[in-house]
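# Architecture and fold: a report
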Amino acid sequence: SLLQPIPFWVRTYVKPDLFSGKLHALLCRQWGNRIKGRDWYDFLWYIKNEVTVNLKHLEKRMQQSDHLPSDKSLTIVVLKKMINEKIEGLDLELAKKDVRPFIKNKSVLDGWTKDAFKTSVDRLKF
């Protein structure tokens, strides 16, 4: 007997939506002192590859998770300020420790400084 295909829906995302989801994770993940360095690695990857941010998608995600009031809009200025504040509080050594097992060239982590991350924020595209 042959198995017949069954209809199903697949939700797909484009890179700007995925980048917005990554930014949501960076800004809204509440793990206390646990840092997910892989999020920061991905952040830099999106910047390097000039992926744009879908600001409306991020705004909706932040509203759904109660990290942005539903009557407020997320602007580019506000987003950049939020990311820079997150960078200020970032424990770089914990972030490096988390990502180190997943990368071959460990020396790339030498460039992980708060200033480097802040410079990356300035390169965000919308």
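Because the structure is predicted, anything quoted here is derived from the model rather than measured. Position numbers for residues start from 1 in each chain and track the written sequence from start to end. Note on the predicted model: pLDDT of at least 70 is required for a residue's local features to be given, and 80 or more for side-chain atom pairs to be given and counted; whole-chain, interface and lining totals, by contrast, use all residues. Each side-chain value is worked out from all heavy atoms of the structure, with water and hydrogens disregarded.

This part is about the packing of helix 1 (residues 15-28) against helix 3 (residues 55-64). Between helix 1 and helix 3, the least distance of the axes is 9 Å, while the angle of their chain directions is 40 degrees. Here helix 1 is positioned oblique relative to helix 3, judged by the angle of their axes. Classified by chirality, the crossing of helix 3 by helix 1 is right-handed. Side by side, helix 1 and helix 3 meet where Asp17, Ser20, Gly21, Leu23, His24, Leu27 and Cys28 of the first sit next to His57, Leu58, Arg61 and Met62 of the second. Amino acid classes used here: Ala, Val, Leu, Ile, Met, Phe, Trp, Tyr, Cys and Pro are nonpolar; Asp, Glu, Lys and Arg are charged; the rest, including Gly, are polar. Its residues assigned to classes, the contact of helix 1 with helix 3 shows 5 nonpolar, 4 polar and 2 charged. For every element, the axis is a line fit to its C-alpha atoms; helices are fit only across the contacting stretch, and the angle between N-to-C directions ranges from 0 to 180 degrees. Helix and strand labels come from DSSP, where a helix needs a run of H or I of at least four residues and a strand needs a run of E of at least two; each type is numbered from the N terminus. Here the angle decides the label: under 35 degrees means roughly parallel, over 145 means roughly antiparallel, 65 to 115 means roughly perpendicular, and every other value means oblique. Each helix crossing is assigned a hand: it is left-handed if the near helix lies turned anticlockwise from the far helix by less than a right angle, otherwise right-handed if that turn is clockwise. Here a residue-residue contact requires only that any non-hydrogen atoms of the pair lie within 4.5 Å.

The contact between helix 1 and helix 2 (residues 37-48) brings their axes to 10 Å, and the two run at 145 degrees. Between helix 1 and helix 2 lies a crossing whose hand is left-handed. Taking contact as the criterion, the partners of Lys15, Leu18, Phe19, Lys22, Leu23, Ala25 and Leu26 in helix 1 are, on helix 2, Asp39, Trp40, Asp42, Phe43, Trp45, Tyr46 and Ile47. Considered class by class, the residues forming the contact of helix 1 with helix 2 number 10 nonpolar, no polar and 4 charged.

In this section: helix 5 (residues 92-99). Burial status follows relative accessibility: with a 1.4 Å probe on protein chains alone, a residue under 20% of its type maximum counts as buried, one over 50% as exposed, and anything between as partly exposed. Restricting attention to buried positions, one finds in helix 5 the residues Leu92, Ala95, Lys96, Asp98 and Val99. Projection of helix 5 onto a plane perpendicular to its axis shows the buried side chains occupying an angular sector of 160 degrees, all on one side. Pointing more than 90 degrees away from the buried face of helix 5 are the exposed residues Glu93 and Lys97. Of the surrounding elements, those touching the buried residues of helix 5 are helix 2 and helix 6 (114-122). Any pair of N or O atoms that falls within 3.5 Å is considered a polar contact. Within protein, one atom must be able to donate a hydrogen and the other to accept it, and sequence-neighbouring residues count only if both atoms are side-chain atoms. The N-terminus of helix 5 is capped by Asp91, whose side-chain oxygen sits 3.2 Å from the backbone nitrogen of Glu93. Arc definition: it is the arc formed by the directions from the helix axis to the C-beta atoms.

Next up on the list: the layout of surface pockets. Of the volumes computed, that of the second largest pocket is approximately 210 Å³. With a 1 Å grid laid over protein atoms only, a set of points is called a cavity when a 1.4 Å probe fits there but cannot get out and a pocket when it is open yet has protein on both sides within 12 Å along at least five of seven lines; lining residues have an atom within 4 Å of a point. Every residue along the wall of the second largest pocket is listed here: Tyr41, Leu44, Trp45, Lys48, Val108, Gly111, Trp112, Ala116, Phe117 and Ser120. Elements represented by at least two residues in the lining of the second largest pocket include exactly helix 2 and helix 6. Among the elements that line the lining of the second largest pocket, the one with the most residues is helix 2, at 4 residues. Of the residues in the lining of the second largest pocket, the class split is 7 nonpolar, 2 polar and 1 charged. Grid points are joined across faces, edges and corners, and a volume is the space filled by probe spheres set on the points.

Bear in mind that shape data such as this cannot, by itself, settle questions of function.
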